Amino acid sequence: MPDAAPRFMRLDNAAKIYPAARRRNWMALFRVSAELCEPVDVKILERAQARTLARFPSFALRLKKGLFWYYLEHNEGAPEITEDVANPCVRLDPKTNRGFMFRVRYYRCRIALEVYHVLADGTGGMCFLKTLVAEYLTLKYGVKIPRDREILDCDEAPRPDETEDAYLKYAGDITRSRAEADAYYVRGTDTGDRVCIITGMLPVQDVLARARSRGATLTEYLTAALILSINDLQTRTGLPRRRRKPVKINVPINLRRFYPSHTMRNFALYVNPGIDPRLGEYTFDEILRAVHHHMGTEVDEKLLNARIATNVRTEQNRLLRAAPLFLKNAVMKLSFHLVGDRKTSSSISNLGVVRVPPEMEAYIRRFDFILGPLSRNRVVCAALSYRDTLYLNFTRTIRETDVERGFFRFLVRDGLHVRLESNRLS
């Protein structure tokens with residue numbers, strides 16, 4: 001193991017809640033995948049995984065339970081690579097995964113990576129996937145792929161800043177209140193352990209044009225469309241206006257945009273733009289203005305710095321630090337139950353544009369990003385763009401497709417061409 005890779009690591013500030021909040025049938029997972037132009041050779045993929053894992057010490061870990069905190073310990077070997085399934089992001093059991101908290105799957109031309117959020121956020125996961133695919137292509141075809149901070153050189157030793165807890169490094173001195181109203185909850189018929197996916201594919205330049213014509217970003221436009229769909233759903237329940245709840249969407253913000261961090265671990269915060277339907281009816285343009293101004297206000301380095309400080313100060317509370325792990329777990333589990341996903345109706349996470357060098361792009365048809373089921377919210381969305389296409393993946397754990405139907409119908413009414421695919425229930 002390279003000298004730069006520590007044998008033990010503390011969980012980063014964002015990761016600490018996940019071991020306490022996990023349940024027998026749920027844990028926080030996300031998935032990124034790449035579809036190649038030719039079928040995957042699993043033997044070569046195994047070699048590529050071994051080289052990639054040696055370069056990513058923050059993935060070569062197992063979760064251990066200490067007296068006061070969970071911690072991470074270096075894990076030898078690698079997880080078994082298995083065939084992909086139609087039911088992605090189901091709970092990962094480290095005990096049956098050689099102790100690892102990620103898994104690599106393949107199916108025909110697809111290489112998929114599923115990651116427990118204790119290890120990384122979507123940015124770190126995509127970096128691992130792109131490095132894995134680059135290693136695979138190099139081993140199979142002998143292609144020389146340029147390496148950078150997003151496609152790491154597996155012949156180099158890991159850098160210390162790639163495993164830093166950036167929350168601790170950049171926390172400020174001033175904190176902010178977390179007080180926030182609960183949001184509308186989307187209900188439906190449970191699918192059991194089945195995770196349903198609906199993918200929408202759109203010309204990314206057309207979506208950008210629609211957003212820019214209204215003075216908004218692509219993420220703001222998509223967020224407003226999701227709020228509109230969920231608000232329409234709440235309206236159709238027949239609830240009197242005074243009893244309706246806010247419709248808010250959880251939008252992750254990649255903090256690497258604001259701080260010079262190259263960590264491969266978690267480094268994101270969230271904002272929750274939305275509307276309060278008790279105040280009256282909203283048009284799409286009114287919703288979009290509300291989202292745009294909320295994002296413009298909250299996605300600010302100074303306010304984000306205070307949010308980081310709030311989370312870090314909670315972790316550093318003397319009473320909490322002195323409490324044994326079983327008491328910490330009870331407090332964090334209760335806190336997650338009372339807050340968790342209750343403040344938002346859904347989530348939309350946009351990884352942005354996925355770029356790879358031309359030497360690599362020639363072998364890759366598409367990328368995808370999927371959020372695993374949230375603890376409480378039943379429908380969530382993940383997005384990324386590759387080449388000329390925007391891929392929108394909705395994850396659902398209810399049979400009803402009302403949210404996705406309303407969302408995509410709005411996009412079509414707004415003049416966008418949408419292609420859909422699904423792993424729908426039979």
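Remember, predicted model here, so these are calculated numbers, not experimental data.

## Topic: unusual backbone geometry
Thought 1: Its identity is not glycine, yet R98 carries a phi of approximately 60 degrees, on the positive side.
Thought 2: Mapped onto the secondary structure, R98 falls in the loop between β5 (82-83) and β6 (102-107).
Thought 3: Positive phi is not limited to glycine here, since R387 has a value of about 55 degrees.
Thought 4: Take R387: it is sitting in the loop between β14 (379-386) and β15 (389-396).

## Concerning the packing of aromatic side chains
Thought 1: On inspection of all chains with the given rule, the structure shows 20 aromatic pairs.
Thought 2: On the basis of an interplanar angle of 65 degrees and a centroid distance of 4.9 Å, the ring pair of F56 and F128 is categorised as edge-to-face. Here F56 is found in the loop between α2 (42-55) and β3 (61-65), whereas its partner F128 is found in helix α3 (residues 122-141), with 72 residues between them in sequence. For the pair formed by F56 and F128, the shared burial category is buried.

## What to know about the environment of R23
Thought 1: Take R23: it is sitting in the loop between α1 (17-21) and β2 (29-36).
Thought 2: Each C-alpha atom of the pair R23 and S375 lies 8.9 Å from the other, and the pair is 352 residues apart in sequence.
Thought 3: Apart from residues lying up to four places away in sequence, R23 is in contact with R91 and S375.
Thought 4: Among the polar contacts made by the side chain of R23, one reaches the side chain of S375 at a distance of 2.9 Å.

## A word on the nonpolar core
Across soluble globular proteins, nonpolar side chains have a tendency to be buried as a group.
Thought 1: The biggest cluster of nonpolar side chains holds 73 residues, and the ones touching the most others in it are F102, I111 and F367.
Thought 2: Here the element with the most residues in this core is α3; it accounts for 9 residues.
Thought 3: Those residues within four positions of F367 in sequence are excluded, and the remaining contacts are S33, A34, M126, L129, K130, V354, V356, L384, Y386 and Y391.
Thought 4: By size, the runner-up hydrophobic cluster in this structure holds 56 residues, among which are V186, V251, I275 and I308.

## Observations concerning the sheet that holds strand β1 (residues 8-10)
Strand pairing within a sheet occurs via backbone hydrogen bonds; the two strands may be parallel or antiparallel.
Thought 1: Strand order in this open sheet of 3 strands is β1-β4-β3, and the pairing throughout is antiparallel. With one partner strand each, in any of the chains shown, β1 and β3 form the two edges of the open sheet. In this sheet, adjacent strand axes meet at a mean angle of 35 degrees when their direction is disregarded.
Thought 2: Pairing between β3 and strand β4 (residues 70-74): 5 bridges, direction antiparallel. When the sheet's bridge partners are listed, R62 is paired in β4 with E73.

## Some thoughts on the side chain of R265
Thought 1: Of note, R265 is situated in the loop between β9 (247-254) and β10 (268-271).
Thought 2: Put simply, R265 is tucked away with no salt bridge, and the nearest opposite charge, on D12, sits 4.0 Å away.

## Focus on the state of the cysteines
Thought 1: What the rule picks out here adds up to 0 disulfides.
Thought 2: With no disulfide of its own, C109 has C37 as its nearest cysteine by sulfur position, at a separation of 7.7 Å.
Thought 3: Here C127 stays unpaired: no disulfide links it, and the sulfur of C154, its closest cysteine neighbor, is 9.6 Å away.
Thought 4: A residue is classified by how much of its surface remains accessible, and C127, at 5% relative accessible area, is buried.

## Description of the sheet that holds strand β7 (residues 110-116)
Thought 1: If you walk across this open sheet you meet the 5 strands as β5-β6-β7-β2-β13, and the pairing is mixed. Each of the sheet's edge strands pairs with one partner strand only, and the pair in question is β5 and β13 (364-371).
Thought 2: Of the strand pairs in this sheet, β2 and β7 are connected by 7 bridges, and their pairing is antiparallel. Bridging from a neighbouring strand, A34 pairs with I111 of β7.
Thought 3: Packing against the sheet, α2 makes contact with β6 and β7, and its axis sits at approximately 155 degrees to β6.
Thought 4: Of the strands in this sheet, β2, β6, β7 and β13 are in contact with α3, which crosses β2 at around 30 degrees.

## A closer look at the packing of helix α6 (residues 218-236) against helix α7 (residues 284-298)
Thought 1: Two elements in contact, α6 and α7, have axes separated by 9 Å at closest approach and are oriented at 130 degrees. In terms of their interaxial angle, α6 and α7 are classed as oblique. Relative to α7, α6 is oriented so that their crossing is right-handed. Judged by residue contacts, E220, Y221, T223, A224, A225, I227 and L228 of α6 engage F284, I287, L288, V291, H292 and M295 from α7.
Thought 2: Grouping the constituent residues of the contact of α6 with α7 by class yields 10 nonpolar, 2 polar and 1 charged.

## Let's talk about the pairing of strand β8 (residues 196-203)
Thought 1: Judged by how many residues are buried, β8 sits mostly within the fold: 7 of 8 residues are covered.
Thought 2: Strand direction decides the pairing type here: β8 and strand β16 (residues 419-422), joined by 4 bridges, are antiparallel. Across the sheet, the residue bridging to I198 is S422, located in β16.

## Overview of the pattern of salt bridges
Thought 1: Applying the stated criterion across every chain yields a total of 33 salt bridges.
Thought 2: E135 is paired through a salt bridge with R147; the nearest N and O atoms lie 3.0 Å apart. Of this pair, E135 sits in helix α3 while R147 sits in the loop between α3 and α4 (166-170); the two residues are 12 residues apart in sequence, bridging distant segments of the chain.
Thought 3: Judged by relative accessible area, which is 4%, E135 ranks as buried.
Thought 4: Note that R159 is salt-bridged to E156, the shortest N-O span being 3.2 Å.
Thought 5: Overlapping salt bridges bring together R31, D84, R103, R105, R110 and E114 as one network.

Conventions and cut-offs
Residues numbered from 1 in each chain as written. Predicted model: local features only at pLDDT ≥ 70, side-chain atom pairs only at ≥ 80, totals over all residues. Heavy atoms only, no water. Helix = DSSP H or I, 4+ residues; strand = E, 2+ residues; numbered from the N terminus. Phe/Tyr/Trp six-rings, centres within 6.5 Å; stacked < 30°, edge-to-face > 60°. Buried < 20%, exposed > 50% of the residue type's maximum accessible area, 1.4 Å probe, protein only. Contact = heavy atoms within 4.5 Å. Polar contact = N/O pair within 3.5 Å; in protein donor to acceptor, adjacent residues only side chain to side chain. Core = buried A, V, L, I, M, F, W, Y, C linked by side-chain atoms within 4.5 Å. Pairing = 2+ DSSP bridges. Axes fitted to C-alpha atoms, helices over the stretch in contact; angles between N-to-C directions. Lys, Arg positive; Asp, Glu negative; His and termini not counted. Salt bridge = Lys/Arg side-chain N within 4 Å of Asp/Glu carboxyl O. Disulfide = S-S within 2.5 Å. Parallel < 35°, antiparallel > 145°, perpendicular 65-115°, else oblique. Left-handed = near helix turned anticlockwise from the far one by under 90°. Nonpolar A, V, L, I, M, F, W, Y, C, P; charged D, E, K, R; others polar.

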